[in-house]
Amino acid sequence: MPLVVPGINSSFGDKSEWVNKLMGKKLTDSTTDATSFAKKDLPQTHRVVKQGDMTTMDHNPDRLNIHVDDDGTVRDVRYG
């Protein structure tokens, strides 16, 4: 019997869509342009993770995890 994992393909979009929108940009409170992306335009279920931050180990397939450098530049995007 195959392993079935609910929510493996998130209903909020796929990772590549968010990678294209966010990679290399800085998150801001209100502006989206060529070098920044507004936090208000992120999915409701998201978290921003800085290097060294502690996070919970719970898996939420609909939560977008945005990993940023010390200066706030997005370096990785994952669901979970």
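Residues numbered from 1 in each chain as written. Predicted model: local features only at pLDDT ≥ 70, side-chain atom pairs only at ≥ 80, totals over all residues. Heavy atoms only, no water.

**Digging into the packing of aromatic side chains**
Two descriptors summarise a pair of aromatic rings, namely the distance from one centre to the other and the angle between the planes of the rings. Defined as follows: In summary, the pairing rule links any two rings of Phe, Tyr or Trp, Trp by its six-membered ring, whose centres are within 6.5 Å, and it sorts them by plane angle into stacked for under 30 degrees, edge-to-face for over 60 and tilted for everything else. Runs of H or I in DSSP of at least four residues are treated as helices and runs of E of at least two as strands, each being numbered from the N terminus. For every residue, the accessible area (1.4 Å probe, protein chains only) is compared with the maximum for its type, and the residue is labelled buried under 20%, exposed over 50%, or partly exposed between those bounds. Look at NZ for Lys and CZ for Arg. If either is within 6 Å of the ring centre and within 35 degrees of the ring normal, a charge sits over the ring.
This model, assessed by the stated rule, comprises one aromatic pair. Look at Trp 18 and Phe 37: their rings are 6.1 Å apart centre to centre, the planes differ by 80°, and that puts the pair in the edge-to-face class. One end of the pair, Trp 18, is in helix α1 (residues 15-22); the other, Phe 37, is in strand β2 (residues 36-38), with 19 residues separating them in the sequence. For Phe 37, a relative accessible area of 7% translates into the label buried. Over the ring of Trp 18 we find Lys 21; its NZ or CZ atom is 4.5 Å from the centre of that ring.

**Some remarks on the pairing of strand β4 (residues 64-68)**
Here is the rule we go by: The pairing criterion is simple: DSSP has to find at least two bridges between the two strands.
Burial analysis of β4 places five of its five residues in the buried class, which makes it a mostly covered element. Here β4 shows two buried faces, one formed by Leu 64, Ile 66 and Val 68 and the other by Asn 65 and His 67. Of the strand pairs in this sheet, strand β3 (residues 46-50) and β4 are connected by five bridges, and their pairing is parallel. Looking at β4, one finds that Lys 50 is bridged to Val 68. Bridging between β4 and strand β5 (residues 74-79) involves five bridges; their strand directions are antiparallel. From the neighbouring strand, Asn 65 faces β5, where its bridge partner is Arg 78. Hairpin geometry of β4 and β5 is characterised by an intervening segment of five residues between the two adjacent antiparallel strands and by a positive phi of about 90° at Gly 72.

**Section: the environment of Val 74**
Note the cut-off: Contacts are residue-level and defined by heavy atoms, with any inter-residue pair within 4.5 Å sufficient.
Here Val 74 shows up in strand β5. Judged by relative accessible area, Val 74 falls into the buried class, the value being 3%. Sequence separation between Val 74 and Met 23 is 51 residues, and the spatial gap between their C-alpha atoms is 5.2 Å. Beyond its immediate stretch of four places on either side in the chain, Val 74 contacts Leu 22, Met 23, Gly 24, Lys 25, Leu 27, Ile 66, His 67 and Val 68.

**Quick look at the nonpolar core**
What counts, and what does not: Nonpolar cores are built from buried Ala, Val, Leu, Ile, Met, Phe, Trp, Tyr and Cys residues. Side-chain atoms within 4.5 Å join them into one set.
Grouped together as the largest cluster of nonpolar side chains are 10 residues: Trp 18, Leu 22, Leu 27, Phe 37, Leu 42, Leu 64, Ile 66, Val 68, Val 74 and Val 77. At the level of secondary structure, the elements contributing two or more residues to this core comprise α1, β4 and β5. Here this core gets three residues from one element, more than from any other, and that element is β4.

**Overview of the pattern of salt bridges**
We count it as follows: The term salt bridge refers to a side-chain nitrogen of Lys or Arg lying within 4 Å of a carboxyl oxygen of Asp or Glu.
This structure, assessed with the given rule, holds seven salt bridges. Among the ionic pairs, Glu 17 bridges to Lys 21, the shortest N-O distance being 3.3 Å. One end of the pair, Glu 17, and the other, Lys 21, are both in helix α1, four residues apart, so they sit about a helical turn from each other. Here Arg 63 ties to Asp 58 by a salt bridge, and the two come within 3.6 Å at their closest N and O atoms. The exposure class of Arg 63 is buried, given its relative accessible area of 10%. Given a relative accessible area of 43%, Asp 58 falls into the partly exposed group.

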